[in-house]
Amino acid sequence: MTPPQWTTKKQKTNPQYFCFIKLQLAMPFLKRPPTSPPLSTLLDIKSQKCGLRHTVFSASGNEYTGEWQNNKKHGKGHQVWKKSGAIYNGEWKFGKRDGYGTYSILLPESKKYVKKYCGEWTNGKKHGYGTYFYKNSSVYEGEWSEDQRSGWGKMYYANGDIYEGKWLKDKNHGEGIFIFSNGNRYEGSWREGKKDGCGKFYYCVKGQLYEGLWVDGVPKCGTLSDFGRDGAPMPAKYPIPKVHLIDTQLVLRDAESAYLGLF
């Protein structure tokens, strides 16, 4: 440290005499920057939700209990919607349902909770594999894409029918099997919820089998033959006679080409 410097100042005490006083120069004052953020910043940081928190109420009255990250729901948590009474218990990511979780609704009549969906979520929507319970007791178990049944899945209808196969945008689309409650079944192609393409329809009640081409849900050309007639509960009165053609497949191909517009 540099030693203090001294200077002299002439002071007049008498018209005839002068004296000298030695003065010490003052050191410059340097203001140090604050070592901690201001109080407003500390309060803002403290108010940011991060980690595990107790129940937090939103302005709309919704309740959330669980983990947070950067002031957003992130991790495992439990949400209750005040208006509908619905609850979600599962994983979150950046404020949206993401991962595995269960969504349930409150029945206003009985005041009881019923499960609606249990499975995977992405960006707040049903996405991945999950099970959905419909109001009319139907159940879907399979793959989802952005809140719609898409991929492979199995649907149990309230009337006893069952469909297992491909889905696209909430409709049967692709290869699938539809088993009716009376025992009849269809195996083949679907398009936008209707039988379309090559398929087999087993009339198990009558003991017959149709195999051929379907267009927009209607059979267009194919073969009808007896199938399990002896064990059918309501067989047709007469068996189907056999038709002998030189080239059966050629006839079928020509008929299919006509309906498909290949000529």
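As shown above, the structure is provided for reference.
The structure contained in this document is the topic of the report that follows. (Residues numbered from 1 in each chain as written. Predicted model: local features only at pLDDT ≥ 70, side-chain atom pairs only at ≥ 80, totals over all residues. Heavy atoms only, no water.)

**Details of the overall build of the chain**
Next up, step 1: Looking only at helices and strands, one finds two helices and 17 strands in the chain.
Next up, step 2: For the chain, with 263 residues in total, the buried portion stands at 27%.
Next up, step 3: Restricting the contact set of the chain to residue pairs at least 6 apart, pairs at least 24 apart contribute 9%.
Next up, step 4: For the chain, the accessible area works out to roughly 18,700 Å², and carbon and sulfur atoms hold 56% of it. (Helix = DSSP H or I, 4+ residues; strand = E, 2+ residues; numbered from the N terminus. Buried < 20%, exposed > 50% of the residue type's maximum accessible area, 1.4 Å probe, protein only. Contact = heavy atoms within 4.5 Å. Areas by Shrake-Rupley, 256 points an atom, 1.4 Å probe, with all protein chains shown as cover.)

**A few points about the pattern of salt bridges**
Next up, step 1: Here the structure, examined in full by the defined rule, presents six salt bridges.
Next up, step 2: In this structure, Asp170 engages Arg149 in a salt bridge whose closest nitrogen and oxygen atoms are separated by 2.9 Å. Here Asp170 is found in the loop between strand E12 (162–168) and strand E13 (171–179), whereas its partner Arg149 is found in strand E11 (residues 148–156), with 21 residues between them in sequence.
Next up, step 3: Glu187 serves as the salt-bridge partner of Arg185, at 2.9 Å between the closest nitrogen and oxygen. (Salt bridge = Lys/Arg side-chain N within 4 Å of Asp/Glu carboxyl O.)

**Quick look at unusual backbone geometry**
Next up, step 1: A positive phi is found at Phe94, a non-glycine position, where the angle reads about 50°.
Next up, step 2: Within the fold, Phe94 resides in the loop between strand E6 (87–93) and strand E7 (96–107).
Next up, step 3: Positive phi outside glycine occurs at Ser137, with the angle close to 80°.
Next up, step 4: Along the chain, Ser137 turns up in the loop between strand E9 (125–133) and strand E10 (139–145).
Next up, step 5: According to the relative accessible area criterion, Ser137 is exposed, its value standing at 60%.

**Examining the side chain of Asn184**
Next up, step 1: Along the chain, Asn184 falls in the loop between E13 and strand E14 (185–191).
Next up, step 2: Looking at Asn184, the relative accessible area reads 10%, which means it is buried.
Next up, step 3: Excluding its chain neighbours within four sequence positions, the residues that come into contact with Asn184 are Phe178, Ile179, Phe201, Tyr202, Tyr203, Cys204 and Val205.

**Things to note about the pairing of E11**
Next up, step 1: Relative to E11, E10 runs antiparallel, the two being bridged by six bridges. Looking at the pairing, Val139 lines up with Tyr156 of E11.
Next up, step 2: Where E10 folds back onto E11 in an antiparallel hairpin, the turn is made up of two residues, including Glu146, whose phi is positive at roughly 50°.
Next up, step 3: Bridge count between E11 and E12: six bridges; the pairing is antiparallel. Opposite Tyr156, over in E12, you have Ile162 as the bridge partner. (Pairing = 2+ DSSP bridges.)

**Quick word on the packing of aromatic side chains**
Next up, step 1: Counted by the stated rule, this structure contains 24 aromatic pairs.
Next up, step 2: For the ring pair Tyr140 and Trp167, a centre distance of 5.4 Å and an interplane angle of 80° mean the geometry is edge-to-face. Taken together, the positions of Tyr140 in strand E10 and Trp167 in strand E12 put the pair 27 residues apart, joining distant regions of the chain.
Next up, step 3: Given the relative accessible area of 4%, Trp167 is considered buried.
Next up, step 4: Note that Lys195 overlies the ring of Tyr186, its terminal NZ or CZ placed 5.6 Å from the centroid. (Phe/Tyr/Trp six-rings, centres within 6.5 Å; stacked < 30°, edge-to-face > 60°. Lys NZ or Arg CZ within 6 Å of the ring centre and 35° of its normal.)

**Looking at the pairing of strand E17 (residues 218–226)**
Next up, step 1: With eight bridges connecting them, strand E16 (residues 208–215) and E17 associate as antiparallel partners. Considered in E17, the bridge of Gln208 is made with Asp226.
Next up, step 2: The loop that links E16 with its antiparallel partner E17 comprises two residues; one of these, Asp216, has a positive phi angle of about 55°.

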